[in-house]
Amino acid sequence: MAKKEENRLKILVVASECVPFVKTGGLADVVGALPISLKKLGYDVRVAIPKYKTINEEKFKIRDTGLRIDIDIALFNHTASIKESVFPGTDIPVYFIENKEFFDRDELYRTPQGEYWDNAERFMFFSRVIVEMLRLMDFKPDVININDWHTALIPVYLKTIYASNDFYKNVATVYSIHNIAYQGLFDKEKLSHANLPMDLFSIDKMEFYGGINYMKGGIVFSDIINTVSKRYRDEIMTSEFGYGLDGVLRTRANDVYGILNGIDYSIWNPKTDTLLPVNYNEDSLELKEQIKKKLLDDVGLKYTENIPLIGLISRLDDQKGLDFIAAIIDDMMRLNLQFILLGTGDEKYHNLFNLIKAKYPEKISVNIKFDNKLAHLIYAGSDIFLMPSRFEPCGLGQMIALKYGTIPLVRETGGLADTVLQYNFKTKQGNGFVFSGYDPYALLYTLKIAIDTYKNKTVWRKIQANGMKTDFSWDESAKEYVEIYRKAIEK
Ligand code: ADP
């Protein structure tokens, strides 16, 4: 019994977003699923996120703990109210850090025109509140799993101005990098706004081309660093993918891990998905056709038998290889296919895809919005799922598509390379179509092969079956997380 208690790690996961409360991308899926698997393994796990305007207090039964925390930022005092709830259907505590000035906004990080001007302050506030909150609640985690740049100041605070405080002794930190392209780059004056020592402004700490870099702080001061696939772990240590942080990562190469994200199959499963008009499995794949009809009808495209439907669901960002699609769109439209795009993000892509839609109204449906229900229909109703990303730390879309018998066509990078294997027509192994290189015509060529293959129903079924068998559930990944938590604690 004593041994069991000893092994019952206390884990705090801190992030800027979390399913089902608030989501803009894959980070939220991870933070919403990993804690549930950790809990199943018997650990005391809790989660903390900001309380954004869009988080529905009534729906999620969020209550005020009464705890207030005052933080000085620059010359001003800001108060956090600590609110609390649980993950629906569990007893996993979730803390919501509320401050109306910082978090009561329509978007999380930016408007289509650009980043919020005070993101440095918003997330230094959030990070510092988390550190203070632990002491005031007398919850001392064995490990804090921070995520991306928003929370990267937590280990910086712990190893500097809180270093001599006994309460924080032996609190280990694991830093999960979900996307190294977003680092939190700010003026060096922000250090004093954060009440952090100015000597952090040095090349071996947070200095980065004349400013400061939150993510670099996270890398330097965390005990263990983790990212979301093995391939991406290796890639970010190269100058091509490291966005300037490859050097500092290489100095910590022995502490850098790559654990593939899982998929929450209680949400993403064609057998049980409540957002679909019918459910199906490997043996009833013909039902996909009904969903395809409904999907095409919903978006105003005409259904014709045997025309493959290409789906794409993505943040509209340079990272996602959308310029490849723009480059080949006219060639693509000459092929026998239909195309549904769902996404939101950069205004330049909103305009571009609206122009393309106007040119090819019968072949393309462009949906510039965030729409979870439509996403489920596209995963289930499409034949091919397109992910031509320039880089992709892990990528969830391709893993979801595989489960729905929708064959992914991806660029060979990061987590896409780790999860999608080019189908081999001889050995009948493989679960999708893969191209490499930075060449839009490599994408076009692979798309032509995919469309040709679609005509052969036996082969198509085989690829679908291979994909649906692939298991990316969280349970295995969660065990790997526990291993790195223990490594961090040992340090
Ligand atoms: P990233 O985190 O880089 O945005 P991922 O592939 O890891 O990319 O995760 C994206 C997640 O967000 C997937 O679950 C995807 O289905 C979802 N998603 C992205 N854009 C939209 C949208 N416009 N509407 C609904 N879901 C979306």
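All values derive from a computational prediction rather than experimental measurement.

> Account for the overall build of the protein chain, naming residues and giving values.
Secondary structure summary: the protein chain contains 18 helices and 20 strands in total. Radius of gyration (C-alpha) of the protein chain: 23 Å, near the 23 Å computed for a compact globule of 491 residues. Counting only C-alpha atoms, the protein chain reaches 70 × 55 × 45 Å along its principal axes. Sequence separation of at least 24 residues holds for 72% of the intrachain contacts in the protein chain that already meet a minimum separation of 6. For the protein chain, the distance from the average position of its 63 positive side-chain charges to the average position of its 66 negative side-chain charges is 4 Å.

> Describe in detail the site of the ligand, supporting the description with residues and values.
Taken together, 20 residues form the shell around the ligand, and within it Gly 26, Arg 315, Lys 320, Lys 369 and Tyr 379 come nearest. At a separation of 2.8 Å, a nitrogen atom of the ligand approaches a polar backbone atom of Lys 369. Contact between the ligand and Asp 371: a nitrogen atom at 3.0 Å from a main-chain N or O atom of the residue. Protein chains shield 92% of the accessible area of the ligand, which is 570 Å² for the free molecule. Elements with a contribution of two residues or more to the shell around the ligand: helix H2 (26-40), strand S15 (309-316), strand S16 (338-345), helix H13 (372-381) and helix H14 (397-403). The residue makeup of the shell around the ligand, split by class, is eight nonpolar, six polar and six charged. Domain assignment of the residues forming the shell around the ligand places at least three in each of domain 1 (2-262 + 475-490) and domain 2 (285-471).

> I'd like to hear about the domain arrangement of the protein chain, residue by residue, with values.
Segmentation of the protein chain into domains returns domain 1 (2-262 + 475-490) and domain 2 (285-471). Put simply, the middle of domain 1 and the middle of domain 2, counted by C-alpha atoms, are 33 Å apart. Taken together, the contacts link 23 residues of domain 1 with 21 residues of domain 2. Regarding the contact of domain 1 and domain 2, the summed buried area is about 1,600 Å², with carbon and sulfur atoms giving 56% of it. Our enumeration of links across domain 1 and domain 2 arrives at one salt bridge. The partner of Glu 412 in a salt bridge is Arg 231, and the shortest N-O contact between them spans 3.7 Å. Between the two partners, domain 1 and domain 2, sit ten residue pairs in polar contact (both at pLDDT 80 or more). Only H2 and helix H8 (230-235) provide two or more residues apiece to the side of domain 1 that touches domain 2.

Definitions and limits used
Residues numbered from 1 in each chain as written. Predicted model: local features only at pLDDT ≥ 70, side-chain atom pairs only at ≥ 80, totals over all residues. Heavy atoms only, no water. Helix = DSSP H or I, 4+ residues; strand = E, 2+ residues; numbered from the N terminus. Rg over C-alpha atoms; globule rule 2.2 N^0.38 Å. Contact = heavy atoms within 4.5 Å. Lys, Arg positive; Asp, Glu negative; His and termini not counted. Charge placed at Lys NZ, Arg CZ, Asp CG, Glu CD. Near = heavy atom within 4 Å. Polar contact = N/O pair within 3.5 Å; in protein donor to acceptor, adjacent residues only side chain to side chain. Areas by Shrake-Rupley, 256 points an atom, 1.4 Å probe, with all protein chains shown as cover. Nonpolar A, V, L, I, M, F, W, Y, C, P; charged D, E, K, R; others polar. Domains from an automatic or database assignment. Buried area = accessible area lost by both parts, 1.4 Å probe. Salt bridge = Lys/Arg side-chain N within 4 Å of Asp/Glu carboxyl O.

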